[in-house]
Amino acid sequence: MKYFGSIYPRSCTSRGTAWGRCLVVGAVVLAVMLGARSVARSADPEPESFRPRVLEVTVVPGDNLWNIAKKLAPSRDTRYVIYRIRKENRLASANIFPGQVLRFPIDLAGE
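Every value quoted in this text rests on a predicted model; they were computed, and no experiment measured them. (Residues numbered from 1 in each chain as written. Predicted model: local features only at pLDDT ≥ 70, side-chain atom pairs only at ≥ 80, totals over all residues. Heavy atoms only, no water.)

The next thing to look at is the overall build of the chain. Along the backbone of the chain there are 4 helices and 2 strands. Written out in order from the N terminus, the α and β elements of the chain read α-α-β-α-α-β. Buried positions account for 20% of the 111 residues belonging to the chain. A separation threshold of at least 6 residues defines the contact pool for the chain, and within that pool the share at least 24 residues apart is 55%. In the form shown here, the chain has an accessible surface area of approximately 8900 Å², with 61% of it arising from carbon and sulfur atoms. (Helix = DSSP H or I, 4+ residues; strand = E, 2+ residues; numbered from the N terminus. Buried < 20%, exposed > 50% of the residue type's maximum accessible area, 1.4 Å probe, protein only. Contact = heavy atoms within 4.5 Å. Areas by Shrake-Rupley, 256 points an atom, 1.4 Å probe, with all protein chains shown as cover.)

See the structure below:
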């Protein structure tokens, strides 16, 4: 079996400064790759213009989701509006409390 050589570039196989240079270059490449990954991860996946805009509604005593949905989107199916309000606010149930701020999708309002 014939030996074709090292997997490392020739400049990295000798001892001394060449090996240190390869380590530095490798560390820089790794740092750049990790930095690019963190920038890509922190970049906003959805630009502001594509996000559905919302209206913030503060719950007052006596409010419930049905009344809020009827008031803000009277021409839409109330059940669908409640579903969207719960989805937008990540509500596990229909229980809401005075002082709570609910986000209401603007695309539902006034239709």
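We are not done yet, so read on.
Attention now moves to a nonpolar patch on the surface. Taken together, the side chains of V24, V28 and V32 define a hydrophobic patch exposed on the protein surface, amounting to about 270 Å² of accessible area. Considering the arrangement of structural elements, one finds V24 in helix α2 (residues 17-42). (Patch = residues over 30% accessible without salt bridge, like charges linked within 9 Å, V, L, I, M, F, W, Y side chains within 5 Å. Salt bridge = Lys/Arg side-chain N within 4 Å of Asp/Glu carboxyl O.)

Turning our attention to the pattern of salt bridges. Applying the stated criterion across every chain yields a total of 2 salt bridges. The shortest N-O distance in the salt bridge between R79 and D77 comes to 3.3 Å. R103 is the partner of E88 in a salt bridge, and the nearest nitrogen-oxygen pair spans 3.2 Å. Of this pair, E88 sits in helix α4 (residues 78-89) while R103 sits in strand β2 (residues 101-105), placing them 15 residues apart in sequence. In this structure E88 comes out as partly exposed when scored by relative accessible area, which is 23%. Given a relative accessible area of 34%, R103 falls into the partly exposed group.

Another aspect to go through is the packing of helix α3 (residues 65-72) against α4. At a minimum axis separation of 9 Å, α3 and α4 run at an interaxial angle of 110 degrees. Classified by the interaxial angle, the pair formed by α3 and α4 is roughly perpendicular. Within the contact between the two elements, α3 uses L65, W66, I68, A69 and K70 and α4 uses T78, R79, V81, I82, I85 and R86. Taken together, the residues that form the contact of α3 with α4 break down as 7 nonpolar, 1 polar and 3 charged. (Axes fitted to C-alpha atoms, helices over the stretch in contact; angles between N-to-C directions. Parallel < 35°, antiparallel > 145°, perpendicular 65-115°, else oblique. Nonpolar A, V, L, I, M, F, W, Y, C, P; charged D, E, K, R; others polar.)

Where a protein is soluble and globular, its nonpolar side chains tend to be buried together. With 14 residues, the main nonpolar core has L65, I68, V81, I85, I96, L102 and F104 as its most contacted residues. Residue assignment for this core shows that the elements contributing at least two residues are α3, α4 and β2. (Core = buried A, V, L, I, M, F, W, Y, C linked by side-chain atoms within 4.5 Å.)

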